[in-house]
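# Notes for the structure review
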Amino acid sequence: MREILFRGKTLNTGKWIEGYYCKYPHQFAGFLEPYIFVSSYDVEKEIGSCTAYSIVQDTVQQFTGLFDRNGRKIFEGDIVQYSLMTCPENKQFGCVKFYAGEFYIESAFGEETFMSSLSDDDYTYEVIGNIVDNPELLEEE
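Anyway, here's the lowdown on the structure attached to this text. (Residues numbered from 1 in each chain as written. Predicted model: local features only at pLDDT ≥ 70, side-chain atom pairs only at ≥ 80, totals over all residues. Heavy atoms only, no water.)

Moving on to the overall build of the chain. When helices and strands are tallied, the chain shows 0 helices and 11 strands. Across the 141 residues in the chain, those meeting the buried criterion constitute 30%. Roughly 9400 Å² of accessible area belongs to the chain as shown, and the carbon and sulfur atoms make up 51% of that amount. (Helix = DSSP H or I, 4+ residues; strand = E, 2+ residues; numbered from the N terminus. Buried < 20%, exposed > 50% of the residue type's maximum accessible area, 1.4 Å probe, protein only. Areas by Shrake-Rupley, 256 points an atom, 1.4 Å probe, with all protein chains shown as cover.)

Rendered as structure tokens:
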């Protein structure tokens, strides 16, 4: 079973934070705002805590449960370079997306778009950026 984890950019600092996603009522306005909750536990003191970070809604991305060849978590919205394990010199790249209950890689070749299932069995992956910070990586040259 994969770990359910999200990431998003904080409103205050613009830094990425990983944790549990939730829409929670704003303290004064009453409408729902997106938050990432990060929990921690101090074993020696036997004290747990949870910190809520207000995040930018358009940056929320879900963890796929997979890691790239460097051990980095692969999230929805990541731009990955990938190749078949049997043909590592033939590298392609695309953006990780989620649709109909599964993660896939969307790659553009000229006018056509191809979708490949995101699987760790036959391919090797390397995260080279993400759609929020590096959209230029998907632009055609």
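As a further point, take the nonpolar core. Leu-66, Ile-74, Val-80, Tyr-82, Val-96, Phe-103, Ile-105, Leu-118, Tyr-125 and Val-127 together form the largest nonpolar core, which totals 10 residues. For this core, the elements supplying multiple residues, two or more each, are β7 (78–84), β9 (102–109) and β11 (123–130). (Core = buried A, V, L, I, M, F, W, Y, C linked by side-chain atoms within 4.5 Å.)

This paragraph deals with the pattern of salt bridges. According to the stated counting rule, one finds 5 salt bridges in the structure shown. Here Glu-18 makes a salt bridge to Lys-73, at a shortest N to O gap of 3.0 Å. On the criterion of sequence distance, the pair formed by Glu-18 in strand β2 (residues 16–25) and Lys-73 in strand β6 (residues 73–75) is long-range, its members being 55 residues apart. Overall, Glu-18 belongs to the partly exposed group, its relative accessible area being 37%. (Salt bridge = Lys/Arg side-chain N within 4 Å of Asp/Glu carboxyl O.)

Turning our attention to the packing of aromatic side chains. Per the stated rule, a full pass over the model turns up 10 aromatic pairs. Ring geometry for Phe-6 and Tyr-21: centres 5.6 Å apart, planes at 45 degrees, overall tilted. Here the residue Phe-6 occupies a position in strand β1 (residues 6–9), and Tyr-21 occupies one in strand β2, the gap between them amounting to 15 residues. Residue classification places Phe-6 among the buried positions, given a relative accessible area of 17%. Judged by its relative accessible area of 27%, Tyr-21 is partly exposed. (Phe/Tyr/Trp six-rings, centres within 6.5 Å; stacked < 30°, edge-to-face > 60°.)

As a further point, take a nonpolar patch on the surface. A cluster of nonpolar residues, Phe-93, Ile-128, Ile-131, Val-132 and Leu-138, forms a patch on the protein surface that exposes about 350 Å² of accessible area. With respect to the helices and strands, Phe-93 occurs in strand β8 (residues 92–99). (Patch = residues over 30% accessible without salt bridge, like charges linked within 9 Å, V, L, I, M, F, W, Y side chains within 5 Å.)

This next bit is on the pairing of strand β5 (residues 61–67). For β5, a buried count of 5 out of 7 residues is recorded, marking the element as mostly surrounded by other parts of the structure. Relative to β6, β5 is paired through 2 bridges, and the arrangement is antiparallel. The partner of Phe-67 across the bridge, within β6, is Lys-73. Between β5 and β6, which pair antiparallel in sequence order, lie 5 residues; one of them, Gly-71, sits at a positive phi of approximately 85 degrees. (Pairing = 2+ DSSP bridges.)

Here we come to the sheet that holds strand β3 (residues 32–42). Pairing within the open sheet is antiparallel, and its 6 strands lie in the order β4-β3-β2-β1-β5-β6. What marks the edges here is a single partner per strand, and that holds for β4 (47–54) and β6. For this sheet the average axis-to-axis angle between neighbouring strands, irrespective of direction, equals 50 degrees. Of the strand pairs in this sheet, β2 and β3 are connected by 6 bridges, and their pairing is antiparallel. (Axes fitted to C-alpha atoms, helices over the stretch in contact; angles between N-to-C directions.)

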